[in-house]
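# Observations on the three-dimensional arrangement
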Amino acid sequence: MPHAPDLTERYFTPSLFTFLKELAENNNREWFQDNKSRYEQHVKDPALKLIADFGPRLEKISPHFRADPRAVGGSLFRIHRDTRFSKDKSPYKTHTGIQFRHELGKDAYAPGFYLHLEPGQVFCGVGSWHPDSTTLRKIREAIVEDPTAWKRAVGKRFRNLYDLEGDALKRAPKGVDPEHPLIDDLRRKDFIGVTRLSQKAVTSAGFADELAATFKAGGSLVRFICRAIDVPY
């Protein structure tokens, strides 16, 4: 019978942030190849271990989100940047991103739970970042149709830990009353809640427990979005 994952385990060490800091200072293929073993030891392998161990805890938050520990195509974002349409040709990301996506979502824009690890900038995100136009319309319609449910989803309990962030339109969306009492939320193009974490927390024993509690506290927003786009939470 397999052992339950030890969620009090320490996954990351300060070496993760040291590596990412040095990568930002030496963002080229030669340096990365010379230090690839450090990336695998301090970043990739512990991240995949966290993802694998996090599955049972994520299922308690919602059974419809996936912790996928595959090295390619799973919950861990690849370290290589897509530079095809960018003026910045730096080949590597200088942060580590982990996203637990909805089982029906196939890309980074699906609703989910996100962990961002970067020197001086560690945070959790919940919700939907850059949703497509159809998803965006459905979320806005859900807010208009049930403003009480929206206020509850992002109410005091949510805002005790999270801030709503992301891009927004300068004017009311087409078909939305500019005088609507929730116009600030209806102008949003991103529906994401963000909360900051410390590097010390990430490198401490029990981080998986803290991460699960943090995601659970933001679940009300994700639940609202799932209901708006008619997928199970």
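Residue positions are counted from 1 within each chain, in the order its sequence is given. Where totals are concerned, whole chains, interfaces and linings use all residues; where local detail is concerned, this predicted model gives features only for residues with pLDDT of at least 70, and gives and counts side-chain atom pairs only at 80 or more. To get the side-chain values, take all heavy atoms of the structure and skip hydrogens and water.

## Considering the packing of helix H4 (residues 133–145) against helix H10 (residues 219–228)
Using the following cut-off: Angles run from 0 to 180 degrees between N-to-C directions of axes, and those axes are lines fitted to C-alpha atoms, restricted for helices to the stretch in contact. Runs of H or I in DSSP of at least four residues are treated as helices and runs of E of at least two as strands, each being numbered from the N terminus. Should an angle fall under 35 degrees it is called roughly parallel, over 145 degrees roughly antiparallel, and 65 to 115 degrees roughly perpendicular, with every other angle called oblique. Any two residues whose heavy atoms approach within 4.5 Å at even a single point are treated as in contact. Each residue is assigned to one class: nonpolar for Ala, Val, Leu, Ile, Met, Phe, Trp, Tyr, Cys and Pro, charged for Asp, Glu, Lys and Arg, and polar for all the others, Gly among them.
Between H4 and H10, whose axes approach to 8 Å, the crossing angle comes to 105 degrees. One way to sum up the angle between H4 and H10 is to call them roughly perpendicular. Where H4 abuts H10, its residues Lys-138, Ile-139, Ala-142 and Ile-143 lie against Phe-224, Ile-225 and Ala-228. Residue composition of the contact of H4 with H10, grouped by class: six nonpolar, no polar and one charged.

## Focus: the nonpolar core
Here is the rule: Each nonpolar core is a collection of buried residues, namely Ala, Val, Leu, Ile, Met, Phe, Trp, Tyr and Cys, held together in the definition by side-chain atoms within 4.5 Å. Here the term buried applies to any residue with accessible area under 20% of the maximum for its type, exposed to any over 50%, and partly exposed to those in between, with areas from a 1.4 Å probe on protein chains only.
Ranked by size, the top nonpolar core spans 62 residues in total, and within it Phe-12, Leu-50, Phe-113, Leu-115, Trp-150 and Phe-215 carry the most contacts. At nine residues, helix H3 (residues 36–61) tops the list of elements feeding residues into this core. Not counting residues up to four positions away in its chain, the partners in contact with Trp-150 are Ile-143, Leu-164, Leu-182, Asp-185, Phe-191, Leu-221 and Phe-224.

## So, the pairing of strand E3 (residues 122–128)
Walk down a regular strand and you will see the side chains alternate between the two sheet faces. Heads up, the condition is: Here the rule is simple: two strands pair whenever DSSP picks up at least two bridges between them.
The buried count for E3 comes to seven of seven residues, which makes it a mostly enclosed element. The side-chain alternation of E3 yields two buried faces, one formed by Val-122, Cys-124, Val-126 and Ser-128 and the other by Phe-123, Gly-125 and Gly-127. As judged from the five bridges shared by strand E2 (residues 112–117) and E3, these two strands associate in the antiparallel manner. Across the sheet, residue Tyr-114 finds its bridge partner in E3, namely Gly-125. Remark: four residues form the turn of the hairpin made by E2 and E3, two consecutive strands paired antiparallel; Gly-120 in that turn has positive phi of roughly 80 degrees. In this sheet, strand E5 (residues 191–197) lies alongside E3 in antiparallel orientation, the contact comprising seven bridges. Directly across from Gly-127, in E5, lies its bridge partner Ile-192.

By themselves, these observations are geometric and do not establish any function.
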